[in-house]
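# Coordinates in review
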Amino acid sequence: ARARNCNTAMVADGDATFSYSPSKLLQSLRTLEGKIAMEQANPIPSTNAPDAPRKLVVSAIQLTAIGTPQNDIEGFWNRAVDAVRESAAQGATLILLPELFLGPYFCQSQEASLMAFAKEVDECFIVREMQYLAKELGVVLPVSLYERKQNALYNSIVMIDADGTILGTYRKSHIPDGTGYQEKFYFTPGDTGFRVWNTKIGKVGVAICWDQWFPEAARAMALQGADVILYPTAIGSEPQDPTLNSRDHWQRVMQGHSAANMVPVVASNRYGTEILQNEDGTEKQRIHFYGRSFITDETGKIVKEAKDGRDILVYEVNTEENRATRLAWGLFRDRRPELYKVLLTKDGVV
């Protein structure tokens, strides 16, 4: 199960769905963990080779569970690895997988047994395998995982540099709670603050899904010099009201962050209908994840957008040109932080 070329067969989307039950999903995870543990005896080799200048070529990966056998975690893993390899083959140096890509979006309901998915970073096979893959391909990989730290559980990103080293962790700051998206049951609000990492291909900021609706998060990363802002995501239909469709709004809010900060944005979502089952196999709830993954330029214009189903987007960012344009525009020169104290309040009263 080493992060190899898995040659996953693609299945036409059609009206297909992916179904799962919590207990069978957890059993599938443990099977995959055992399989990979047998291959993780060797350390990631180090290198003393000098760093060569690299272009910032971003990739947004859109994955789908459609065609994966029910409750099959290994199918999700193989598809993710294949997509990373394909992105790198297309020239990408920074590759973004969707939020919580190792399995269906499990926050549709409150299932305490699924907290067993959470792993400490230094014990997580996802992180270890992606370190191997990042070093092999020479790419930067922000890796989404369900993180456990002592008695706290987080929705996190581990930033892996192009040499396989871990640069640090970001923990999701804004935690949603609603029908089908019951994340407050599973995740503690993050304590890392918004972070930007100086990687081998540029300065990279990452926030996670619900964070993308908050302009303060994007501005915080832009102020730290981000050359690109990433948003791994899991968003789709609203089970309580099937007439709600947030697709366009979802894209526009991130386009606004890009335009206001003059920084390209990359958003990776999943696609397809995921059905949560009761233990007897009957349907409990479903969400259709609408995909629409995209990449913007520094003005907020969408330059790449995913089609329905699995897709891989690749786009080169001219960081030096963008930095010069951003400085010349004067947006950051003319900021008045001393007047923004109201932003530190909940109710607008200073």
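Everything in this summary refers to the structure shown in the same document. (Residues numbered from 1 in each chain as written. Predicted model: local features only at pLDDT ≥ 70, side-chain atom pairs only at ≥ 80, totals over all residues. Heavy atoms only, no water.)

## Digging into the packing of aromatic side chains
- Within this structure, the stated rule accounts for 18 aromatic pairs.
- Measuring from centroid to centroid gives 6.2 Å for Phe18 and Tyr20, while their planes differ by 25°, and the two rings are stacked.
- Measuring from ring centre to ring centre gives 6.2 Å for Trp210 and Trp213, while their planes differ by 50°; the resulting arrangement is tilted.
- Accessibility expressed as a relative area gives 34% for Trp210, which makes it partly exposed. (Phe/Tyr/Trp six-rings, centres within 6.5 Å; stacked < 30°, edge-to-face > 60°. Buried < 20%, exposed > 50% of the residue type's maximum accessible area, 1.4 Å probe, protein only.)

## A short note on the pattern of salt bridges
- In total, this model carries 23 salt bridges according to the counting rule given.
- The salt bridge involving Lys119 is made with Glu33; its shortest N-O contact spans 3.3 Å. Of this pair, Lys119 sits in the loop between β3 (94-96) and α3 (125-137) while Glu33 sits in helix α1 (residues 22-37), and the two are 86 residues apart along the sequence.
- Ionic pairing is found between Lys55 and Glu316, a salt bridge with its closest N-O pair at 3.9 Å. Of this pair, Lys55 sits in the loop between α1 and β2 (56-64) while Glu316 is found in strand β15 (residues 311-317), placing the two residues 261 residues apart along the sequence.
- The class of Lys55 is exposed, set by a relative accessible area of 55%.
- Counted as one network, the salt bridges with shared partners bring together Glu120, Glu123, Arg148 and Lys149. (Salt bridge = Lys/Arg side-chain N within 4 Å of Asp/Glu carboxyl O. Helix = DSSP H or I, 4+ residues; strand = E, 2+ residues; numbered from the N terminus.)

## Remarks on the sheet that holds strand β6 (residues 166-171)
- A sheet is described by the order of its strands in space; here three strands give the open sequence β4-β5-β6, paired in antiparallel fashion. Strands with a single pairing partner mark the edges of an open sheet, and in this sheet they are β4 (141-149) and β6. On average, each strand axis in the sheet is inclined to that of its neighbour by 30°, with strand direction left out of account.
- Two elements, β4 and strand β5 (residues 152-160), share nine bridges in a ladder whose sense is antiparallel. (Pairing = 2+ DSSP bridges. Axes fitted to C-alpha atoms, helices over the stretch in contact; angles between N-to-C directions.)

## A few points about the side chain of Glu74
- Along the polypeptide, Glu74 turns up in helix α2 (residues 73-89).
- Residue Glu74 is classed as buried on the basis of its relative accessible area, which comes to 19%.
- One polar contact links Glu74 to Lys35, side chain to side chain, over a distance of 2.7 Å. (Polar contact = N/O pair within 3.5 Å; in protein donor to acceptor, adjacent residues only side chain to side chain.)

## Concerning the environment of Ala306
- Residue placement: Ala306 occurs in the loop between β14 (302-305) and β15.
- The exposure class of Ala306 is buried, given its relative accessible area of 8%.
- Every residue in contact with Ala306, bar those within four places of it in the chain, is listed here: Gln62, Arg292, Ser293, Asp311 and Leu313. (Contact = heavy atoms within 4.5 Å.)

## Comments concerning the nonpolar core
- Core analysis: the biggest nonpolar cluster contains 57 residues, and Trp77, Phe101, Leu102, Ile126, Met130, Leu141 and Tyr146 have the highest contact counts within it.
- Looking at which element gives the most residues to this core, the answer is α2, with eight residues.
- In this structure, Ile126 is in contact with Trp77, Phe101, Leu102 and Val143, ignoring residues within four places of it in sequence.
- Among the nonpolar cores identified, the runner-up in size contains 41 residues, and Trp197, Trp213, Ala222 and Val317 belong to it. (Core = buried A, V, L, I, M, F, W, Y, C linked by side-chain atoms within 4.5 Å.)

## A word on α1
- Relative to the 22 Å expected for 16 residues at 1.5 Å per residue, α1 spans 22 Å between its end C-alpha atoms, a close match to the ideal helical length.
- Taken as a whole, α1 has its buried residues at Pro22, Leu25, Leu26, Ser28, Leu29, Leu32 and Ile36. One face of α1 carries all of its buried residues, which in axial projection span an arc of 160°. More than 90 degrees from the buried face of α1, the exposed residues found are Gln27, Arg30 and Thr31.
- Packing partners of the buried residues in α1 comprise β1 (17-20), α2, α3 and β11 (270-277). (Expected span 1.5 Å × (residues − 1). Arc of directions from axis to C-beta.)

## A short note on helix α5 (residues 215-223)
- Residues Ala217, Ala218, Met221 and Ala222 constitute the buried set of α5. Along the long axis of α5, the arc covered by the buried residues comes to 135°, so they all point the same way.
- Summarising the contacts, the buried residues of α5 are in contact with β7 (196-199), β8 (202-206), β9 (228-232) and α6 (247-261).
- Just beyond α5, the residue with positive phi is Gly225, at close to 90°.

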